[in-house]
Amino acid sequence: MKHAHRRLTAAALALAVVVVSLGAWVRLSDAGLGCPDWPGCYGHLVGIPDQAHEIAAAQAAFPGKPVEAPKAWKEMIHRYAAGSLGLVIAALAVQAWRQRARRSPWLELGLLAVVSGQALLGMLTVTRLLKPLIVTSHLLGGMTTLALLVLLWRRQRPAGPAPAVSGPVRLLAGAALAVVVVQIALGGWVSSNYAAAICADFPTCQGSWWPAMDAHHAFTLDRELGATASGTLLPAAALTAIHWAHRLFAGVVLVVVGSFGLKLLGQRRLSGHGLVLLAALAAQISLGIANVLLQLPLPLAVAHNTGAALLLCAVLAACAQVFQGKEARGRVPAAGFPRHFEAVR
């Protein structure tokens, strides 16, 4: 049973990465409303209307929303993958509950609760016509699911010797995780407001180091897509502020996560985590720059979203390893004794 649970967790983790990537593919290809209803598509739980009489019935049931088969299929493929992930997580929760006498099932049950919330947000994404706050929350829910699966997978692995890590490295680990989460939220806000292409140059934006921006409307959360809270058209300066905030905070991520990765490289039992972390960070920064310079080609844009998920996994795995061990406490040399004699003493 233990091995079956571990294999099921690995399958759920891989599927979660696929679902996050598919969600980005749907959003970035403007297919989020490819199906005007939920959970089916034009009333079809399986497939989409493709016969003449089915398309005519769909048009009658949803006037003003013509059937666009490519977009509808993208949305349904995402829903099928997300539904499959939900079923796998439900199986994990059932297995964990049956084994509750031997270990706590709360992580699996928490996962099931998050996925249930994701289903609700998926429905609201459609019924509220891609409201940015709901779309961003849906993205963060997907990342939360992925993070919990990483923790579950790590819990099931055989525990090796825990490294002793100093207090400052632990603080840096917490800071690295925090800035990655904030940057993912900012990236989701950029994507859900379709602000990625507002700055077509790098490292400047619109030829300026500080372009005209409207932060008030940019970060008013409760509003409709493309509109201010009062219902007027969202100004371009607001989109610029959204994009520029994400780009500036990428510098913070580079410094904090890069410092954390370099610190890990100097630790004998953590150097592998440091290498993976720095590789994921370099790839993500490179993809972000490439998306700006190449004007957001769909494969690169999806890869940037997937890269954010993988960077989160790398940081979370490194943090779990750092916090697993005891805090290292340096010895203070006695007065009058050179430091290299302390080992003998």
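Below you will find a few notes about this structure.

Criteria and cut-off values
Residues numbered from 1 in each chain as written. Predicted model: local features only at pLDDT ≥ 70, side-chain atom pairs only at ≥ 80, totals over all residues. Heavy atoms only, no water. Helix = DSSP H or I, 4+ residues; strand = E, 2+ residues; numbered from the N terminus. Buried < 20%, exposed > 50% of the residue type's maximum accessible area, 1.4 Å probe, protein only. Contact = heavy atoms within 4.5 Å. Areas by Shrake-Rupley, 256 points an atom, 1.4 Å probe, with all protein chains shown as cover. Disulfide = S-S within 2.5 Å. Phe/Tyr/Trp six-rings, centres within 6.5 Å; stacked < 30°, edge-to-face > 60°.

**Thoughts on the overall build of the protein**
- When helices and strands are tallied, the protein shows 10 helices and 0 strands.
- Seen in sequence order, the protein has helices and strands lined up from the N terminus as α-α-α-α-α-α-α-α-α-α.
- Taken along the three principal axes of its C-alpha coordinates, the protein extends 90 × 60 × 30 Å.
- Each of the 345 residues in the protein was classed as buried or not, and the buried ones make up 45%.
- Of the contacts formed within the protein by residues at least 6 apart in sequence, a portion of 75% connects residues at least 24 apart.
- Of the roughly 17,200 Å² that the protein leaves accessible, carbon and sulfur atoms contribute 69%.

**Remarks on unusual backbone geometry**
- Omega for the bond connecting Trp38 with Pro39 falls within 30 degrees of zero, at 5°, which places this linkage in the cis form.
- Assignment of secondary structure puts Pro39 in the loop between helix H1 (2-28) and helix H2 (52-61).
- Cis geometry marks the peptide bond from Phe202 to Pro203; its omega dihedral reads 10°.
- As for its position among the elements, Pro203 is in the loop between helix H6 (167-192) and helix H7 (215-218).
- Here Leu130, not a glycine, exhibits a phi torsion of approximately 60°, which is positive.
- Tracing the backbone shows Leu130 in the loop between helix H4 (106-127) and helix H5 (132-156).
- Residue classification places Leu130 among the buried residues on the basis of a relative accessible area of 10%.

**Some words on the state of the cysteines**
- For the structure on display, the rule yields 2 disulfides.
- Residue pairing for Cys35: its cysteine sulfur links by disulfide to Cys41, the two sulfurs lying 2.1 Å apart. Torsion about the S-S bond of the Cys35 and Cys41 cystine: about -85°, corresponding to left-handed handedness. Cys41 carries the same exposure label as Cys35, and that label is buried.

**Some remarks on the packing of aromatic side chains**
- Throughout the structure, instances matching the rule amount to 1 aromatic pair.
- Aromatic side chains Tyr42 and Phe62 sit 5.5 Å apart centroid to centroid with 90° between the ring planes, which places their arrangement in the edge-to-face category. With Tyr42 in the loop between H1 and H2 and Phe62 in the loop between H2 and helix H3 (69-98), this residue pair connects regions lying 20 residues apart in the sequence.
- Judged by its relative accessible area of 7%, Tyr42 falls in the buried class.

**Quick look at the side chain of Asn305**
- Topologically, Asn305 is positioned in helix H10 (residues 298-324).
- Asn305 gets classed as buried once you look at its relative accessible area, which sits at 16%.
- Setting aside chain neighbours within four positions, we find Asn305 in contact with Ala24, Arg27, Leu28, Leu139 and Met143.

**Re the environment of Glu75**
- Note on placement: Glu75 falls in helix H3.
- For Glu75, a relative accessible area of 8% corresponds to the buried category.
- Along the chain, Glu75 and Ala303 lie 228 residues apart, while their C-alpha atoms are 18 Å from each other.
- Aside from chain neighbours lying at most four places away, what touches Glu75 is Val26, Ala31, Gly32 and Cys35.

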